[in-house]
Structure formats: structure tokens, C-alpha cells
Amino acid sequence: MSTNNANKIKVLCVDDSALIRSVMTEIINSQPDMTVVGTAADPLVARDLIKVTNPDVLTLDVEMPRMDGLEFLEKLMRLRPMPVVMVSSLTERGSEIAFRALELGAIDFVTKPRLGVRDGLLNYTELIAGKIRAASCARLLPARGGAAAKAQGEVGQEALLRSPLLSTEKLIIIGASTGGTEAIREVLQPLPPDCPAVLIAQHMPAGFTKSFAQRLDGLCRITVKEAEHGERVLPGYAYIAPGAYHLSLARSGANYVAHLDQEPPVNRHRPSIDVLFDSAAKHAGKNAIGMILTGMGKDGAEGLLRMKKAGAHTLAQDEASCVVFGMPKEAIALGAADEVAPLSEMSRRVLAHLRTFGARTNRV
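First, a word on what this report is: a plain description of the structure on this page.

What counts, and at which threshold
Residues numbered from 1 in each chain as written. Predicted model: local features only at pLDDT ≥ 70, side-chain atom pairs only at ≥ 80, totals over all residues. Heavy atoms only, no water. Helix = DSSP H or I, 4+ residues; strand = E, 2+ residues; numbered from the N terminus. Expected span 1.5 Å × (residues − 1). Buried < 20%, exposed > 50% of the residue type's maximum accessible area, 1.4 Å probe, protein only. Salt bridge = Lys/Arg side-chain N within 4 Å of Asp/Glu carboxyl O. Core = buried A, V, L, I, M, F, W, Y, C linked by side-chain atoms within 4.5 Å. Contact = heavy atoms within 4.5 Å. 1 Å grid on protein atoms, 1.4 Å probe; cavity = no way out; pocket = protein on both sides within 12 Å on 5 of 7 lines; lining within 4 Å. Points joined across faces, edges and corners; volume = space filled by probe spheres on them. Nonpolar A, V, L, I, M, F, W, Y, C, P; charged D, E, K, R; others polar. Pairing = 2+ DSSP bridges. Axes fitted to C-alpha atoms, helices over the stretch in contact; angles between N-to-C directions. Phe/Tyr/Trp six-rings, centres within 6.5 Å; stacked < 30°, edge-to-face > 60°.

Concerning helix 6 (residues 125-136)
The α-helix winds at 3.6 residues per turn, so residues separated by three or four positions along the chain end up facing the same way. For helix 6, spanning twelve residues, the distance from its first C-alpha to its last is 16 Å, which sits close to the expected 16 Å at 1.5 Å a residue. Within helix 6, the full set of buried residues consists of Thr125, Ile128, Ala129, Lys131, Ile132, Ala134 and Ala135.

Shown next, in the form of C-alpha cells:
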């Protein structure tokens, strides 16, 4: 049964390429639950169309004439906030701009293929449609960061360093999807340089995770890097799963090591959060802290439950602070979370648990 047009997700596509506008229209209109209500070749035309069409979601190109996509996004989020999915080129500059767009309030981004644009985008049909659906139900949150995050980091560092308690056995394991790039930044920024190793599975395409890691490395006290196969997992480091690779925890003698592979996607994702969480349950058990953050779908929910059953302490982000509450909601429904907390509390809760664990260890 077809969906009534009045109930469909209304999308406005903004791109200076007529080909991209045409293909995006074809992709969106092929979905039963969404429709293109307009297209624009530049942000100034888009500004007028927004008033007329009142779209639910905007897809926005990065590089356009008359006004840069980022400049338009910044004005839009200040004057008329709405869910935006950025369309970015798969280049180093494109990835930097994509992350800046997420900081400014964009919900997600899709990449333009370098070659065979039409066929390449059509191959992304389900991915693009999924991102638009997620954006349509996403919660628009105020920009984060700045002095508040820095102050939180300093408090956390002081409290943790006052009682040295860390061992190379403890690990922090994080999974995130839509809205996760900013959520992960907010979790990592307050962590002190001597915190346990952090392993992260963020749903992100190949070619973007290296830039994501470099961006976080410049903002955090800990060292943030893209994970490499077989490298030793060390305290004071955060390891991000490369796009198109599963990241899992493995053992080599007494040491933890990172394992990468390109086995089939799990829950339609590679990297998959369940793959990482399952490996942490197997190899770290009660020495792990598991955390599931904002994202659409259910990847990671069952893995978090397995971590909890293995003795790990587990946290899920609460609904009010999530861009999309899908994954944490599924985990909470399974009883997988020991704690449900707002994003702003996540780092503090982790550090508090580590201090408690350390105090118990020191008494033994």
C-alpha cells in the first residue's frame, strides 16, 4: 500500500550539479515514505524554497556557488534549525568539511563517488534513504564543546590522578552511529592522559575515519588514532575502527591487541558495534566498561548485553541527549545497561566507576 503524500518525509535537495539533483530526486522518490518537494542549485535559491516547501529534511552539498555549504548551514541552524544531511566529496578536504558540518549541527553525511557518479549514487540508494529517515526523526541538539567541555575534562583529570588506580587490564569500549561523531568527542575530551585504552566502533564510511581520528587527537588529552591490525592496545590511547573494517579485541600473551578484518557486515554494518562488544565480552569480561551512544537501529544492543553478562559495567545514553535514540533504546529494552545517563555525564560516570574499581583493587 502506498504512503499518502501528506505523510511522506519531505526532502529539499541542494546541489550545484544538475546530475546530482536528478539522481537524488530519483533515489528519494523511489522510496515509499519520502518525496522530493524541491531542488536548488545554490543556498540562496534553497533559502526561498525552504519558506515555500517547509521540508522535513535538507540534503546539502558542501561546495556551491554564491554561498559555501558550511556558511549556509551555520546560518540555517541559527535562524531556522532543521535536519540536514550533507553531501560530501570523498577527499581529505571533503572529510574535514563533513566533520565541521556535524559540529555545526548536521545530522549525517553521504559521500559522492569520485567516478561514475550516477551509478555510484544509485548503489547507495538504501544508505541515502536510511540517513534521510534517521534525520527526519532526529533530535536537534545545541552545539556542544568549548569552555564547558574543557572544564569538565580538567575536573575529571584531577579526580582521577589523585588516586592512581589504572591498570593495563581495564578497557573502555564505545559504539555509536548517527550523531556519534560529536557524542564521541564529548566523551573523550574529558578523559585524562593516563586513562584506560578506549576502543571505538562508529558507523562511518571508509576514507573518513582517519580524518575523524586526527580531528579528535587534536582536541583530546589522550592520543586518538585509527586502529591498525595487530597493534598493542595501550592506556592513554583511543582506537577507532577504520571504515569498512570490523574492529575486535584480541589477546597476544598478556597483552590486548587490535584485530581488523573484512568479514561480512553484521547488522548491515562494517564496522559493527556487536563485533567489537562481543570480543570485549570474550577477552576483557569484568575489566571492560561498555558504552552505547546515539544511533539508528539495534547494532550493539545484544553485544552490550553479552558484555554485561560477562561482568562488564555498561552504560547507555539517555533519550534526551541522543540525536537518534534507536541503539540505546534497544539496549535498555534488553536490560543491557547498568546505567542510563545523559551524554554530559558519561565521562564522569566512567571515571567514577574506575575510581571505585581501583579502590576495591587496592584493598585486596
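What about the pattern of salt bridges?
Across all of its chains, the model carries 15 salt bridges by this definition. Notably, a salt bridge pairs Glu228 with Lys225, separated by 2.9 Å at the nearest N-O pair. Between Glu339 and Arg349 there is a salt bridge; the shortest N-O distance is 2.8 Å. Of the two residues, Glu339 sits in strand 14 (residues 339-341) while Arg349 sits in helix 13 (residues 343-363), which places them ten residues apart along the sequence. The partly exposed category is assigned to Arg349, whose relative accessible area is 22%. The structure contains a network of salt bridges with shared partners spanning Glu339, Glu345, Arg348 and Arg349.

Points about the nonpolar core
Membership of the largest hydrophobic core comes to 58 residues, with the highest contact counts inside it found for Leu58, Ile174, Leu188 and Leu293. Setting aside anything within four residues of it in sequence, one finds Leu58 in contact with Leu12, Val14, Ile50, Phe72, Leu76, Met82, Pro83, Val84 and Val85. Membership of the second largest hydrophobic core comes to 32 residues, among which are Ala197, Tyr256, Ala280 and Ala312.

Things to note about the layout of surface pockets
Taken as a whole, the largest pocket spans an internal volume of roughly 1,100 Å³. Leu127, Lys131, His203, Arg268 and His269 are the residues nearest the centre of the largest pocket, which is lined by 36 residues in total. Looking at the lining of the largest pocket, the elements with two or more residues in it are strand 5 (108-112), helix 6 and helix 8 (180-188). The biggest single contributor to the lining of the largest pocket is helix 6, with six residues. The calculated volume of the second largest pocket comes to roughly 230 Å³. When contributions to the lining of the second largest pocket are tallied by element, the ones reaching two or more residues are helix 2 (43-53) and helix 3 (69-79). Residue classes in the lining of the second largest pocket are distributed as seven nonpolar, no polar and five charged.

Concerning empty space enclosed by the protein
Tallied over the entire structure, the rule returns two cavities of 30 Å³ or more. Its boundaries defined by the atoms lining it, the second largest cavity holds a volume of some 70 Å³. For the second largest cavity, the full set of lining residues is Phe99, Leu102, Glu103, Thr181, Glu182, Arg185, Phe212, Arg215, Leu216 and Leu219. For the lining of the second largest cavity, the secondary structure elements donating two or more residues are helix 4 (92-104), helix 8 and helix 9 (209-217).

Regarding the sheet that holds strand 3 (residues 57-61)
The sheet built from five strands is open, its strands ordered 2-1-3-4-5 with parallel pairing. Every other strand in the sheet has two partners, leaving strand 2 (34-40) and strand 5 as the edge strands with one partner each. Each adjacent strand pair in this sheet contributes to an overall mean axis angle of 25 degrees, direction not counted. Looking at chain direction, strand 1 (residues 9-14) and strand 3 are connected through four bridges and run parallel. The residue bridging Leu12 from the neighbouring strand is Leu58, located in strand 3. Sitting on the sheet, helix 1 (residues 18-29) touches strand 1, strand 2, strand 3, strand 4 (84-89) and strand 5, and the angle it makes with strand 2 is about 165 degrees.

What about the environment of Tyr237?
Within the secondary structure, Tyr237 is located in strand 9 (residues 237-240). Note on Tyr237: relative accessible area 29%, which makes it partly exposed. For Tyr237 and Val198, which are 39 residues apart along the polypeptide, the C-alpha to C-alpha distance reads 6.3 Å. Not counting residues up to four positions away in its chain, the partners in contact with Tyr237 are Pro196, Ala197, Val198, Thr223 and Lys225.

Comments concerning unusual backbone geometry
The residue after Arg270, namely Pro271, is reached through a cis peptide bond having omega 10 degrees. Turning to its location among the elements, Pro271 is positioned in the loop between strand 11 (255-261) and helix 10 (273-283). With a phi angle near 75 degrees, Ala244 is a residue other than glycine that sits in the positive phi range. Here Ala244 lies in the loop between strand 9 and strand 10 (246-252). Residue Arg268 is not a glycine yet carries a positive backbone phi of 70 degrees.

Some words on the pairing of strand 9
As paired strands, strand 7 (residues 197-202) and strand 9 are joined by three bridges and run parallel to one another. Pairing of Val198 across the sheet is with Ala238, part of strand 9. Strand direction decides the pairing type here: strand 8 (residues 223-226) and strand 9, joined by four bridges, are parallel. Along strand 9, the bridge assignment pairs Glu226 with Ile240.

Concerning the packing of aromatic side chains
Centre-to-centre distance and the angle between the planes together describe a pair of aromatic rings. With the rule as written, the count across this model stands at five aromatic pairs. Centroid distance Phe99 to Phe109: 6.1 Å. Interplanar angle 85 degrees. Geometry classified as edge-to-face. Highlighted residues: Phe99 in helix 4 and Phe109 in strand 5, separated in sequence by ten residues. Looking at Phe99, the relative accessible area reads 3%, which means it is buried. The buried category is assigned to Phe109, whose relative accessible area is 4%. Geometrically, the ring pair formed by Phe109 and Phe208 is tilted, given 4.6 Å between the ring centres and 35 degrees between the ring planes. Pair noted here: Phe109 is in strand 5 and Phe208 is in the loop between strand 7 and helix 9, with a separation of 99 residues, a long-range link. As far as burial versus exposure is concerned, Phe109 and Phe208 are alike and both buried. Grouping aromatic residues by their ring pairs yields a cluster made of Phe99, Phe109, Phe208 and Phe212.

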